[in-house]
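This is what each chain is made of:
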Amino acid sequence: MGRHLASIAPQVDDLFYLLNDSTDDTGQYLHGIPHVEYNTGDPYSDRQRRSIANMAEVFNKWTDLVLQRDWDYLMLWSSDMVAGPGMVERLYDTHLGLGERSVVGPVYPTGERTFNVFEESNGEYERSPLRNQPWRCFSTGCALYPRAAVESGARHADVPQGHVFAWYKGLVDEGFEVWAEPRLRVEHHMAPDKVYTWDGR
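Quick look at the structure, then.

About the cut-offs
- Residues numbered from 1 in each chain as written.
- Predicted model: local features only at pLDDT ≥ 70, side-chain atom pairs only at ≥ 80, totals over all residues.
- Heavy atoms only, no water.
- Buried < 20%, exposed > 50% of the residue type's maximum accessible area, 1.4 Å probe, protein only.
- Helix = DSSP H or I, 4+ residues; strand = E, 2+ residues; numbered from the N terminus.
- Pairing = 2+ DSSP bridges.
- Salt bridge = Lys/Arg side-chain N within 4 Å of Asp/Glu carboxyl O.
- Polar contact = N/O pair within 3.5 Å; in protein donor to acceptor, adjacent residues only side chain to side chain.
- Contact = heavy atoms within 4.5 Å.
- Expected span 1.5 Å × (residues − 1).
- Arc of directions from axis to C-beta.
- Phe/Tyr/Trp six-rings, centres within 6.5 Å; stacked < 30°, edge-to-face > 60°.
- Lys NZ or Arg CZ within 6 Å of the ring centre and 35° of its normal.

1. Focus: the pairing of strand E5 (residues 102-107)
In the case of a regular strand, side chains alternate between the two sheet surfaces. In terms of burial, E5 is largely enclosed, as six of its six residues are buried. In the sheet, E5 pairs with strand E11 (residues 177-185) via six bridges, with the strands oriented parallel. Paired with Val104 across the bridge in E11 is Trp179.

Below is the structure:
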């Protein structure tokens, strides 16, 4: 996993690993690699409950590191999302083209809809249809965030729609534009036969 992250972000100096005791056995790949553990050692039902309750706190710890370490950008990336080489640079170039208050994420297509891109309509959130050009959306999950997004005060929170929705709602309320870039595609490592490859083939 570390080699994969290094391949998509060769210029990144600091990588932080969070092991939330997920069901995809991510922990086996972190053996011997410094990481932070949350919610481990419990029966699955208790682990799942605690995971939901603690995720907002955990994500906010990483988000605050941007301010503590004077970083220009933050990328939050789930370990089960597989990207092609140079993903960070490509996200960065797209961000520059869309403007300094843009947040850009790749697309994980599943047929005519996306798995990771959500749109909001009348207070309801649903997965977005797949489009051919970059489009404004409510959230993309994995994404590249400029420092100004963290400085805005938007944070994850334990809300009924999920901690990620609270984060994106804060960003949108502060005037940031969230974009999905369909030319930057990712796979899910558990189901590569059900999605497009990163380069759109």
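2. Some remarks on the pattern of salt bridges
Between side chains of opposite charge, pairing is possible as soon as their charged atoms come close. Overall, the coordinates contain seven salt bridges when judged by the stated rule. Salt-bridge contacts for Asp70 lead to Arg147; the nearest nitrogen and oxygen are separated by 3.8 Å. A residue pair is termed long-range when its members are at least 10 positions apart, and Asp70 in the loop between helix H2 (44-68) and strand E3 (73-76) and Arg147 in helix H4 (residues 147-151) qualify at 77 residues. A salt bridge links Lys169 to Asp173, with the shortest nitrogen-to-oxygen separation between them at 2.9 Å. Within this pair, Lys169 and its partner Asp173 are both found in helix H5 (residues 163-173), separated by four residues, close to a single helical turn.

3. Some points on the side chain of Asn116
Mapping Asn116 onto the fold places it in strand E7 (residues 113-121). On the basis of relative accessible area, Asn116 is assigned to the buried category, the value being 11%. Engagement of the side chain of Asn116 in a polar contact is seen with the backbone oxygen of Pro106, the distance being 3.0 Å. A polar contact is formed between the side chain of Asn116 and the backbone oxygen of Thr140, at a distance of 2.9 Å. Apart from the residues within four sequence positions on either side, Asn116 is in contact with Pro106, Val107, Tyr108, Ser139, Thr140 and Gly141.

4. Points about helix H3 (residues 87-98)
In this model, H3 (twelve residues) spans 16 Å end to end at C-alpha, consistent with the 16 Å of a helix rising 1.5 Å per residue. Along H3, the residues classified as buried are Met87, Val88, Leu91, Thr94 and His95. Along the axis of H3, the buried positions cluster into a sector of 130 degrees, meaning they face one direction only. Exposed side of H3, more than 90 degrees from the buried face: Asp93 and Gly97 are the residues found there.

5. Some words on H5
Taken together, the buried positions of H5 are occupied by His163, Phe165, Ala166, Trp167, Tyr168, Gly170 and Leu171. Following H5 by one or two positions, Gly175 has its phi on the positive side, about 90 degrees.

6. Regarding the pairing of strand E10 (residues 143-146)
Here E10 shows a buried face lined by Ala143 and Tyr145 and a second buried face lined by Leu144 and Pro146. With four bridges connecting them, E3 and E10 associate as antiparallel partners. Looking at the pairing, Tyr73 lines up with Pro146 of E10.

7. Overview of the sheet that holds strand E6 (residues 109-110)
Spatially, the three strands line up as an open sheet ordered E6-E7-E8, and their pairing is antiparallel. Of all the strands in the sheet, just E6 and strand E8 (124-129) have a single pairing partner and so form its edges. In terms of strand pairing, E6 meets E7 through two bridges, oriented antiparallel. Bridged to Thr110 within E7 is Arg113.

8. Notes on the packing of aromatic side chains
Tallied over the entire structure, the rule returns eight aromatic pairs. A ring pair is formed by Phe138 and Phe165, whose centres lie 5.8 Å apart and whose planes are at 20 degrees; its orientation type is stacked. In this pair, Phe138 sits in the loop between strand E9 (135-137) and E10 while Phe165 sits in helix H5, placing the two residues 27 residues apart along the sequence. Three or more aromatic residues joined by ring pairs form one cluster here, namely Phe118, Tyr125, Phe138 and Phe165. In this structure, Arg101 packs its charged tip against the face of Phe176, placed 4.0 Å from the ring centre.

9. A few points about the environment of Lys169
Under the relative-accessibility criterion, Lys169 is labelled partly exposed at 42%. When the C-alpha positions of Lys169 and Phe138 are compared, they lie 7.6 Å apart, and in sequence the two are 31 residues distant.

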